[in-house]
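Structural overview
In case you want the letters, here they are:
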Amino acid sequence: MALPEQLRELAKMKRWVCHKDKIPKNPITGNNAMANEEDTWGTYDEALYGLKRFNFSGIGFQFGLPLNDKDALETERVTGIDLDHVIRKNGTLEPFAQEIITLMNSYTEISPSGTGIHILCKGQMSNIGRKKYVNIPTSTTKFIIELYNHSHYFTVTGNPYGQPKPISSRTHELKTLYEKYFVEHKNENTVAPTRENPVPVPTRNQSSHNLNSQGEYFVSENLSDNELLERIFNSRNGYDIRSLFSGNTSSYASHSEADIALVSHLAYWTNGDASRMDSLFRQSGLMRDKWDQRHGAQTYGEMTISKVLSNFSPYISSFTPKINSNTQSNSNGNSMPSETPQESQGSDNINSTEIISDGSPISSRNIHSYIHGNINEWQLKADLSRFRHFADRKTGFSNIDSHVSFYPGLYVLGAISSLGKTTFIHQMADQLVRAGEHVLFFSLEQTCLELVTKGISRLMASKNINFAVSSIDIRRGVENEAIVNATNEYASFTEHEILLECSFATKIGDIINTVEKYIQETSVLPVVIVDYLQVICPSDPRQQTKDAVDTHVRALKKLQKDHDLVVLLVSSLNRQNYLTPIDYESFKESGGIEYTADVIWGLQLQVINDDIFDKEAKLKQKREKVKAAKRAVPRDIEFVCLKNRYGESNYSCRFHYYAQFDYFVPIEAPRENFDYDKRL
């Protein structure tokens, strides 16, 4: 796309992203771009390169991060105005849109749909992120006007509307526009509330009544956004709310959970005013395009606000508070503090979840009812049926499958470096897909090319290992009929194996959002594989490694539980355990794994079971044995189970590993463990 001369000043700013289906994309990695993470943006040239490399739909410009109040009013920032559906079929404009274009008199272009208008200008204003429906009495169309100067991006088409104009300074015009379309004008006869004039009783659709630090009442409806936010940030939980508002999601397992948290705070401070909650959220660093993505009848933002308000009780008062009293009772006899607001909604318990969410009495959850009640999702028969449904799901490795079935849970596979853990889990993925499963494989270290050529080489080896070609030779360009046949066969059964080539910048929220999006798109619960744990980028760079790993393990467990998934997580091991048999202590930063995972597996060289490895001395001999075992063709590998919530544990299986063909072959052997199936 050729950039118009009027936009050249933006080209060198590192504010550019790509987009696909309106979702912003990192032009460097191809992953999702985040409105509050500058390292997921690039320059204009990088966006053009990413557009071609990843076959995206187009490019866009990010307006930047929110500023503090003082800097915001003193800094001239690029600001965007979005007018939806204002170009009529005959090419003329809706009159109100023409008025705005004339008022702003700045760079204006046609949006990708061909029916909307984007205006770019500059201005010195506070942080703005507003969306408003414009009702025109003479039209049945519901028009939308949006205004942003941070935490949002505009698609850029380079298709000017009318005579191209430069991006001009328009502070005064922006204030005029904001005043006309986004400020709620009050009745001039309204009397401000005082101690002699109590405030009117609010309803769910009105804004909240709160106490300030002097114990005096204020009505948030009478405050500007900046005034209300100042009070929020100075409240008891103000530091945490300010962090959320700035876009910091590090305290939450996913961006969506952070959204819920902030919306819950906003519900309290606006007393459940859905419109103002939406308006304030759009000004936050959490704002992203997903907020306006439609899911059925509602957008994601509307669904989030509805979810919060479904459990929200608005505060209703019909009394005048007293100054400097310790507490004051409302009309229902409940106490209200006279200091800073004690947020009963969306504060200390912001991360809590409702244990019983269907409204039934707590007493109804007794064991007798669970066993003999009507068959529904809560009772024994239904739960047994669901659990048994998974009994036939197997790994595809015959020796492991004689011990286990794949029930929903979090499975962790650990091994030392270069032992083949990625190959093992990828071979398992191929086998699961052959059996009819859908698999999402998040590869944070190896490329799609590496994994696919491994799969082709492995398929050739499974047919005749003497004529197989290694994956590295396939990548080097070796060609023959056997490779072509194996490639075609591999493609024939891997339609539902999704390889997601990630980067070292991939965060846990990226993985969770991708899984949930796949479920929404397909209505299928996939097997999720993450390779591997220690490469996931911490959401907060200040976190220690152990804290980040524990956070990621808990987040994946929550994802697994929320959707009844099988999640397979690959983990590295502590280096000090490289010459000892695998155990819980072997797992790198293993606290979260040991207590959170449902099943823990490990791979190790069979030679580790030799007597010499039980001795503290003879380090040199141990290393020589390990080196020799790694050089062996095939390698003798032991698969061990350390933990299994679903049945038999403390078993082991052996494999021959042909590293050059990325192929694990089960070694069948008499079971040394008791026969669990016969015992049942």
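About the criteria used
Residues numbered from 1 in each chain as written. Predicted model: local features only at pLDDT ≥ 70, side-chain atom pairs only at ≥ 80, totals over all residues. Heavy atoms only, no water. Helix = DSSP H or I, 4+ residues; strand = E, 2+ residues; numbered from the N terminus. Buried < 20%, exposed > 50% of the residue type's maximum accessible area, 1.4 Å probe, protein only. Contact = heavy atoms within 4.5 Å. Pairing = 2+ DSSP bridges. Axes fitted to C-alpha atoms, helices over the stretch in contact; angles between N-to-C directions. Parallel < 35°, antiparallel > 145°, perpendicular 65-115°, else oblique. Left-handed = near helix turned anticlockwise from the far one by under 90°. pLDDT = per-residue confidence, 0-100. Phe/Tyr/Trp six-rings, centres within 6.5 Å; stacked < 30°, edge-to-face > 60°. Lys NZ or Arg CZ within 6 Å of the ring centre and 35° of its normal. Salt bridge = Lys/Arg side-chain N within 4 Å of Asp/Glu carboxyl O. Disulfide = S-S within 2.5 Å. 1 Å grid on protein atoms, 1.4 Å probe; cavity = no way out; pocket = protein on both sides within 12 Å on 5 of 7 lines; lining within 4 Å. Points joined across faces, edges and corners; volume = space filled by probe spheres on them. Polar contact = N/O pair within 3.5 Å; in protein donor to acceptor, adjacent residues only side chain to side chain. Lys, Arg positive; Asp, Glu negative; His and termini not counted. Expected span 1.5 Å × (residues − 1).

1. Thoughts on the overall build of the chain
Looking only at helices and strands, the chain has 22 helices and 24 strands in total. Split into buried and exposed, the 680 residues of the chain put 51% on the buried side. Contacts spanning at least 24 positions in sequence make up 70% of the contacts within the chain whose residues lie at least 6 apart.

2. Quick notes on the pairing of strand 24 (residues 663-667)
Across five bridges, strand 23 (residues 652-658) lies against strand 24 in antiparallel orientation. The residue bridging Tyr658 from the neighbouring strand is Tyr663, located in strand 24. Linking strand 23 to strand 24, which pair antiparallel, is a turn of four residues; within it Asp662 sits at a positive phi near 55°.

3. A closer look at the packing of helix 8 (residues 255-270) against helix 9 (residues 274-282)
Two numbers describe a pair of packed helices, the interaxial angle and the distance between the axes. As a packed pair, helix 8 and helix 9 sit with axes 9 Å apart at the nearest point and diverge in direction by 130°. Of the possible angle classes, the one that applies to helix 8 and helix 9 is oblique. Between helix 8 and helix 9 lies a crossing of right-handed hand. Each of Asp259, Leu262, Val263, Leu266, Ala267 and Thr270 in helix 8 lies in contact with helix 9, whose residues at this interface are Arg276, Met277, Leu280 and Phe281.

4. Describing the sheet that holds strand 7 (residues 129-135)
Spatially, 5-6-4-8-7 is the arrangement adopted by the five strands of the open sheet, whose pairing is antiparallel. The strands lining the two open edges of the sheet, one partner per strand, are strand 5 (107-110) and strand 7. Neighbouring strand axes in the sheet, compared pairwise and without regard to direction, differ in orientation by 20° on average. Pairing of strand 7 with strand 8 (residues 142-148) involves seven bridges; the strand directions are antiparallel. Looking at the pairing, Asn135 lines up with Lys142 of strand 8. Of the strands in this sheet, strand 7 and strand 8 touch helix 9, which is tilted by about 135° from strand 7.

5. Quick word on the confidence of the model for the chain
Here the chain shows a mean pLDDT of 80. Residues at 70 or above account for 79%. Overall, residues 186-219 carries pLDDT values under 50, and its contacts beyond four positions in sequence, including any with other chains, amount to 86 contacts.

6. Some thoughts on the sheet that holds strand 3 (residues 58-62)
Taking strand neighbours across the sheet as the criterion, the four strands line up as 2-1-3-9 in an open arrangement whose pairing is antiparallel. Whereas interior strands pair on both sides, the edge strands pair on one side only; in this sheet they are strand 2 (23-25) and strand 9 (153-156). Geometrically, the sheet is characterised by an average inter-axis angle of 45° between neighbouring strands, direction not taken into account. Where strand 1 (residues 16-20) meets strand 3, four bridges bridge the pair, whose relative direction is antiparallel. For Trp16, the partnering residue across the bridge sits in strand 3 and is Phe61.

7. Focus on the packing of aromatic side chains
Working definition: an aromatic ring pair is given by the centre-to-centre distance plus the angle between the planes. A full pass over the atoms with the stated rule returns 25 aromatic pairs. On the numbers, 5.5 Å between centres and 55° between planes, the contact of Phe96 with Phe143 is tilted. With Phe96 in helix 4 (residues 95-104) and Phe143 in strand 8, this pair connects stretches of sequence that are 47 residues apart. The pair formed by Phe96 and Phe143 is uniform in burial state, with each residue classed as buried. By way of ring pairs, the aromatic residues Phe397, Phe406, Tyr407, Tyr411, Phe424, Trp601, Phe639, Tyr646, Phe655, Tyr657 and Phe664 are connected into one cluster. Above the plane of the ring of Tyr532 lies Lys421, whose end atom (NZ or CZ) is 5.7 Å from the centre. Lying across the ring of Phe493, Arg434 places its NZ or CZ 3.8 Å from the centre.

8. A few points about the pattern of salt bridges
As enumerated under the stated definition, the model contains 20 salt bridges in all. Glu37 serves as the salt-bridge partner of Lys507, at 3.1 Å between the closest nitrogen and oxygen. Taken together, the residues Lys507 in the loop between strand 18 (497-501) and helix 18 (508-522) and Glu37 in the loop between strand 2 and helix 2 (44-53) connect sequence positions 470 residues apart. On the basis of relative accessibility, which here comes to 13%, the residue Lys507 falls in the buried class. Bridged by salt links that share partners, the residues Glu257, Lys558 and Asp562 form one connected network.

9. Notes on the state of the cysteines
In the structure shown here, the tally under the stated rule is zero disulfides. Cys502 takes part in no disulfide bond, and the closest cysteine sulfur, belonging to Cys448, lies 9.0 Å away.

10. Describing empty space enclosed by the protein
This model, assessed by the stated rule, comprises five cavities of 30 Å³ or more. Of the pockets and cavities examined, the largest cavity occupies roughly 120 Å³. What lines the largest cavity is a set of 13 residues, and nearest its centre among them are Glu37, Thr249, Lys507, Gly509 and Ser539. Among the elements that make up the lining of the largest cavity, the one with the highest residue count is helix 18 (three residues).

11. Quick notes on the side chain of Asp82
Summarising the element assignment, Asp82 is placed in strand 4 (residues 77-84). Under the relative-accessibility criterion, Asp82 is labelled buried at 10%. There is a polar contact of 3.4 Å between the side chain of Asp82 and the side chain of His118. Non-local contacts of Asp82, meaning those with residues more than four positions away in its chain, are made with Ile117, His118, Ile144, Ile145, Glu146 and Phe154.

12. Structural notes on the side chain of Glu146
Mapped onto the elements of the fold, Glu146 is located in strand 8. Among buried Asp, Glu, Lys and Arg side chains, Glu146 stands out as unpaired, with Arg282 the closest opposite charge at 4.2 Å. For Glu146, the side chain forms a polar contact with the side chain of Tyr148, separated by 2.4 Å. Residues in contact with Glu146, not counting those within four places in the same chain, are Gly80, Ile81, Asp82, Asp84, Arg130, Lys131, Phe182, Arg282 and Asp292.

13. Side note on helix 8
The end-to-end C-alpha distance of helix 8 is 22 Å, a good match for the 22 Å that 16 residues give at a rise of 1.5 Å each. For helix 8, a buried count of 14 out of 16 residues is recorded, marking the element as mostly surrounded by other parts of the structure. Once helix 8 finishes, Asn271 follows within two positions and takes phi at roughly 55°, a positive value.

14. Side note on the environment of Arg170
Checked against the element boundaries, Arg170 lands in the loop between strand 9 and helix 5 (171-181). Sequence separation between Arg170 and Gln124 is 46 residues, and the spatial gap between their C-alpha atoms is 8.4 Å. Setting aside residues no more than four positions away along its own chain, Arg170 makes contact with Met104, Asn105, Cys121 and Lys122.

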